[in-house]
Amino acid sequence: MNIGIIGSGKVGSTLGEMWAKAGYQVMFSFSPDPGRLRALADKIGSNAMSGTPAEAANFADVILFAPNFWAAETAIAQAGSLAGKIVIDTTNPYRWNEEEGLTRMVGETVSGVATLQKLMPGARLVKTYSSFRPDALRQLAKQPMEKRLAVAIAANDTAAKAIVAQLVEDSGGRPFDLGALDNASLMEIPGTFSLSDDLTLNAALEKRLQVLGY
């Protein structure tokens, strides 16, 4: 499977490296410094390469969408149409700066993924990987299975969700189903499942029962 990564910061680079080590082909894209992406791909080895967002989208069976939220519209414009593609959204709808701190970029009753959905007509959107720091996933992937990080997944497309669940397992996480895409806001700050750097699967399933009733 080919994975195109649009947004190659901490989330994109960490997941890309872990997937490449698991045998997937990955292409990093969308950085102000293309040389950094080439160096990242060279460091990872033969399963990794770099390109433009449009090249990553054309290359991909699955797209990891991981830019800063304020750059999402630019990233989508550079990628072109994502219709028919499985797109994993990892973003949180916030901007950070020294003066104002964390500033929400969409309304309080609107999820970031719902905003992106309008910018990606026809994409098979799946929300995951947005509720913890990527280093937490990397560190806990070395632990016994019962101590590994629980990774929530929300989507309306059952087949896309199953493919992404396998990718979560192959990145060292423990996938759990958070239902439809409407539940994606539970992963976005300050949702119930946000900031979950040490959430185990058993704890996640107990919390899901409390919040969603199953």
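Please refer to the structure placed before this passage.
The text that follows walks through the structure, step by step, so that each part is easy to find.

With that out of the way, let us pick up the overall build of the protein. Looking only at helices and strands, one finds eight helices and ten strands in the protein. Here the C-alpha radius of gyration of the protein, 16 Å, is about what a compact globule of 214 residues would show, namely 17 Å. Overall size of the protein, expressed as C-alpha extent along the three principal axes, is 45 × 40 × 40 Å. Within the span of the protein, comprising 214 residues, buried residues form 51% of the whole. Sequence-distant contacts, at least 24 apart, represent 66% of the contacts inside the protein between residues at least 6 apart. Surface exposure of the protein reaches about 9,900 Å², of which carbon and sulfur atoms provide 50%. Where the 20 positive side-chain charges of the protein centre and where its 22 negative ones centre are 4 Å apart.

Attention now goes to the pairing of strand E9 (residues 150-155). Of all the six residues making up E9, six are buried; the element is thus mostly covered by neighbouring parts of the structure. Burial along E9 is two-sided: Ala150, Ala152 and Ala154 and Val151, Ile153 and Ala155, pointing in opposite directions, are all buried. The pairing of strand E8 (residues 124-128) with E9 spans three bridges and is classified as antiparallel. Bridge assignment links Thr128 to a residue of E9, and that residue is Ile153. Sheet topology note: the E9/strand E10 (residues 174-177) ladder contains four bridges and is parallel. Bridging from a neighbouring strand, Ala150 pairs with Arg174 of E10. Crossover E9 to E10 through helix H7 (residues 158-170) is right-handed.

Turning to the environment of Val110, a few remarks are in order. Tracing the backbone shows Val110 in the loop between strand E7 (101-104) and helix H5 (112-119). Along the primary structure Val110 and Ser185 are separated by 75 residues, whereas in three dimensions their C-alpha atoms are 8.0 Å apart. Not counting residues up to four positions away in its chain, the partners in contact with Val110 are Arg104 and Thr115.

Summed over the entire model, instances satisfying the criterion amount to three aromatic pairs. With 6.3 Å between their ring centres and 75 degrees between their planes, Tyr129 and Phe132 make a pair best called edge-to-face. Each member of the pair Tyr129 and Phe132 is classed as buried. A centroid spacing of 5.6 Å and a plane angle of 50 degrees characterise the contact between Phe176 and Phe193, whose relative ring orientation is tilted. Note that Phe176 is positioned in strand E10 and Phe193 in the loop between E10 and helix H8 (201-212), a separation of 17 residues in sequence. Judged by relative accessible area, which is 1%, Phe193 ranks as buried. Between Lys207 and the ring centre of Phe193, over which it is positioned, the NZ or CZ distance is 5.6 Å.

Let us now look at the environment of Ser46. Position of Ser46 relative to the elements: it lies in the loop between helix H2 (34-44) and strand E3 (48-50). A residue is classified by how much of its surface remains accessible, and Ser46, at 71% relative accessible area, is exposed. The spatial distance from the C-alpha of Ser46 to the C-alpha of Val26 is 9.6 Å, given a sequence separation of 20 residues.

This paragraph deals with the side chain of Asn47. Position of Asn47 relative to the elements: it lies in the loop between H2 and E3. In this structure the side chain of Asn47 is engaged in a polar contact, spanning 2.9 Å, whose partner is the side chain of Gln25.

Let us look at the side chain of Lys127. Position of Lys127 among the secondary structure elements: in strand E8. Side chain to side chain, Lys127 and Glu188 meet in a polar contact 3.1 Å long. Discounting chain neighbours no more than four positions away, the residues touching Lys127 are Asp89, Thr90, Thr91, Val113, Ala152, Ile153, Ala154, Leu181, Ala184, Met187 and Glu188.

The next thing to look at is the sheet that holds E10. As summarised here, the arrangement of the eight strands in space is E3-E2-E1-E4-E5-E8-E9-E10, forming an open sheet in which the pairing is mixed. A single partner strand is all that each edge strand has here, and the edge strands are E3 and E10. Within this sheet the neighbouring strands show an average axis-to-axis angle of 25 degrees, counted without direction. Note: strand E5 (residues 86-89) against E8, four bridges, orientation parallel. Of the residues in E8, the one forming a bridge with Ile88 is Val126. Sheet strands touched by H2: strand E2 (25-29) and E3. Its angle to E3, the strand with the most contacts, is close to 170 degrees. Taken strand by strand, H8 contacts E9 and E10, and its axis lies near 10 degrees from that of E10.

Analysis parameters
Residues numbered from 1 in each chain as written. Predicted model: local features only at pLDDT ≥ 70, side-chain atom pairs only at ≥ 80, totals over all residues. Heavy atoms only, no water. Helix = DSSP H or I, 4+ residues; strand = E, 2+ residues; numbered from the N terminus. Rg over C-alpha atoms; globule rule 2.2 N^0.38 Å. Buried < 20%, exposed > 50% of the residue type's maximum accessible area, 1.4 Å probe, protein only. Contact = heavy atoms within 4.5 Å. Areas by Shrake-Rupley, 256 points an atom, 1.4 Å probe, with all protein chains shown as cover. Lys, Arg positive; Asp, Glu negative; His and termini not counted. Charge placed at Lys NZ, Arg CZ, Asp CG, Glu CD. Pairing = 2+ DSSP bridges. Right-handed = clockwise from strand over helix to strand, strands pointing away. Phe/Tyr/Trp six-rings, centres within 6.5 Å; stacked < 30°, edge-to-face > 60°. Lys NZ or Arg CZ within 6 Å of the ring centre and 35° of its normal. Polar contact = N/O pair within 3.5 Å; in protein donor to acceptor, adjacent residues only side chain to side chain. Axes fitted to C-alpha atoms, helices over the stretch in contact; angles between N-to-C directions.

So far we have only geometry, and geometry alone does not tell us how the molecule works.
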